[in-house]
Amino acid sequence: MTIVLIGISICLLILCITYLKINAFLSFLLVSILSGLCLGIAPDQLIITVEKGIAGVMGSLTLIIVLGAMLGKIVAESGAAEIIAVQMVRLMGEKYLQWGLMLTGFVVGIPLFYGIGFVLLVPLIFSIAYRYKLPAVYIGLPMLAALSVTHGFIPPHPSPVALVALFHADMGLTLIYGLLIAVPAIVLGGPLFGRYLKNMRSSHASIFQPKEEAASQEYKQPSVRISLLVAMLPVLLIILFTLLPYVLVTDHVTVLQLLKFVGSPTVVMVLAIVVATYFLGLKTGRSMTKVMAIYESAVRDIAMILLIIAGSGIFKQVMEDSGVSLLLANTLQQLPVSPLLLAWLITAVIRGCVGSATVAALTAAGVLLPMVDRGQVDPNLMVLAIGAGSLMFSHVNDAGFWLFKEYFGLSVKDTILSWSVMETIVSVVGLLAVLLLQLVLY
């Protein structure tokens with residue numbers, strides 16, 4: 001009966017978000033409270049469970065997500081993202097435009113949230129398509145595949161960061177594994193798949209024709225080196241301080257503690273913000289007030305994402321406090337399926353129902369957490385398996401689907417044949433890469 005109640009809870013959550021159009025945070029909150037009561041948690045204890053769930057998930061990741069949003073915003077506002085894109089295209093040349101745009105999407109996608117990166121880079125795609133007389137979908141899909149993969153796999157994006165916190169995974173190892181998995185997913189879903197879309201024409205190509213630049217600009221433009229350094233700094237620092245303890249021969253406790261402190265994701269993000277504030281803010285002629293206004297705008301942009309993550313924390317806590325987690329762990333353990341494959345499948349089904357990759361990942365995490373707590377699977381790989389599942393087959397209930405359709409002026413059929421198939425490819429390749437990584441590591 002308890003398993004049935006969990007199934008009903010997930011179905012009710014999907015119904016609230018998709019059919020009743022209730023905000024995802026409110027849906028999590030309402031369904032969690034109702035589920036808690038049905039699962040036998042006393043009303044007075046349920047309030048404590050709700051507060052504990054929010055505190056448990058938000059305490060370890062709020063700073064990372066907020067600082068990540070600030071970094072992405074100033075990378076966009078300063079023009080660094082566009083500079084990186086232009087340089088990548090220049091570097092690769094006309095023959096390898098797809099690969100240049102793919103690299104651009106990957107580098108820019110690390111600090112930028114998906115929606116911001118999409119809106120920022122789509123005009124560039126059309127400008128290049130106009131200049132080289134190439135189909136926009138053909139050259140643009142590799143860039144958007146890279147943006148999508150970083151959103152699903154790579155910290156400091158909200159979903160992987162939240163999953164790392166929920167599963168008590170290692171941020172550095174998750175990032176390194178995520179980069180390894182991202183490469184084949186992006187290559188297959190981007191340039192290689194994009195070759196089959198040369199005949200798919202966009203009806204909006206003229207909207208983004210390149211215009212003459214203004215003679216003078218209000219602020220200085222950062223250099224290519226600075227733009228790349230700031231955009232990649234969090235990733236470089238996290239990888240550096242994750243690997244350093246393995247290659248540094250020392251038993252000095254103070255040194256090891258210092259490395260652990262400086263290499264923690266929060267401190268890394270603080271350092272990145274300090275560097276970005278100077279090089280992309282003050283050094284470009286912006287006042288401190290202007291830079292702070294950019295950061296404030298970034299925080300407003302992600303307020304709802306933070307609330308959705310908080311809601312998922314409530315759902316997770318209800319599962320734990322009601323004792324359902326142990327029951328789920330025992331039940332799932334008996335299934336003749338790899339825990340990573342099961343995680344991908346559950347997330348993919350929820351993604352298909354609710355549309356949102358973030359909501360799908362966090363909903364699945366609440367169900368799958370017991371398997372990680374009992375040591376049945378590597379938590380870092382579980383984060384990535386869920387991330388892969390959250391990208392599966394984006395269709396008409398996903399905002400990203402409509403962004404792509406409307407910006408590129410495609411029919412629903414062509415959007416499914418391009419965008420939806422691309423998302424499916426990166427999801428399946430991501431899963432296969434996770435399973436292969438598990439074989440190599442274990």
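Residues numbered from 1 in each chain as written. Predicted model: local features only at pLDDT ≥ 70, side-chain atom pairs only at ≥ 80, totals over all residues. Heavy atoms only, no water.

On to a nonpolar patch on the surface. Taken together, the side chains of Leu 243, Tyr 246, Val 247, Leu 248 and Val 255 make up a nonpolar region of the molecular surface, amounting to roughly 490 Å² of accessible area. Sorting elements by how many residues they give to the nonpolar patch places helix α11 (residues 224-247) first, with 3 residues. Mapping Leu 243 onto the fold places it in helix α11. Among the residues examined, Leu 243 registers a relative accessible area of 42% and is labelled partly exposed. (Patch = residues over 30% accessible without salt bridge, like charges linked within 9 Å, V, L, I, M, F, W, Y side chains within 5 Å. Areas by Shrake-Rupley, 256 points an atom, 1.4 Å probe, with all protein chains shown as cover. Salt bridge = Lys/Arg side-chain N within 4 Å of Asp/Glu carboxyl O. Helix = DSSP H or I, 4+ residues; strand = E, 2+ residues; numbered from the N terminus. Buried < 20%, exposed > 50% of the residue type's maximum accessible area, 1.4 Å probe, protein only.)

Turning our attention to the side chain of Lys 73. Mapped onto the fold, Lys 73 is located in helix α4 (residues 62-77). Given a relative accessible area of 13%, Lys 73 falls into the buried group. Excluding anything up to four places from it in sequence, Lys 73 contacts Leu 112, Ile 294, Ser 297, Ala 298 and Asp 301. (Contact = heavy atoms within 4.5 Å.)

Here we come to the pattern of salt bridges. On inspection of all chains with the given rule, the structure shows 4 salt bridges. Across the pair Asp 398 and Arg 351 runs a salt bridge whose closest N-O atoms are separated by 3.4 Å. Taken together, the positions of Asp 398 in the loop between α19 (379-389) and α20 (399-408) and Arg 351 in helix α17 (residues 339-354) put the pair 47 residues apart, joining distant regions of the chain. As far as burial versus exposure is concerned, Asp 398 and Arg 351 are alike and both buried.

Before going further, it helps to spend a moment on unusual backbone geometry. Cis peptide bonds are those with omega within 30 degrees of zero, and the linkage from Pro 155 to Pro 156 qualifies with 15°. Positionally, Pro 156 belongs in the loop between α8 (136-153) and α9 (158-167). Even without glycine at this site, Lys 21 takes up a positive phi of about 60°. Mapped onto the fold, Lys 21 is located in the loop between α1 (2-18) and α2 (24-38).

All right, on to the confidence of the model for the protein then. Mean pLDDT over the protein works out to 87, with 94% of the residues at or above the 70 mark. Mean pLDDT in the protein bottoms out at helix α16 (residues 324-333), which sits at 68, and peaks at α19, which reaches 96. Across residues 210-216, confidence stays below pLDDT 50; counting only partners more than four residues off in sequence or on other chains, it has 2 contacts. (pLDDT = per-residue confidence, 0-100.)

With that out of the way, let us pick up the packing of helix α10 (residues 171-194) against α19. Between α10 and α19, whose axes approach to 9 Å, the crossing angle comes to 45°. With respect to each other, α10 and α19 are oriented oblique. Seen along the crossing, α10 lies across α19 with a hand that is right-handed. Listed contacts from α19 to Leu 173, Thr 174, Tyr 177, Gly 178 and Ile 181 of α10 are Asn 380, Leu 381, Val 383 and Leu 384. Within the contact of α10 with α19, the residues separate by chemical class into 6 nonpolar, 3 polar and no charged. (Axes fitted to C-alpha atoms, helices over the stretch in contact; angles between N-to-C directions. Parallel < 35°, antiparallel > 145°, perpendicular 65-115°, else oblique. Left-handed = near helix turned anticlockwise from the far one by under 90°. Nonpolar A, V, L, I, M, F, W, Y, C, P; charged D, E, K, R; others polar.)

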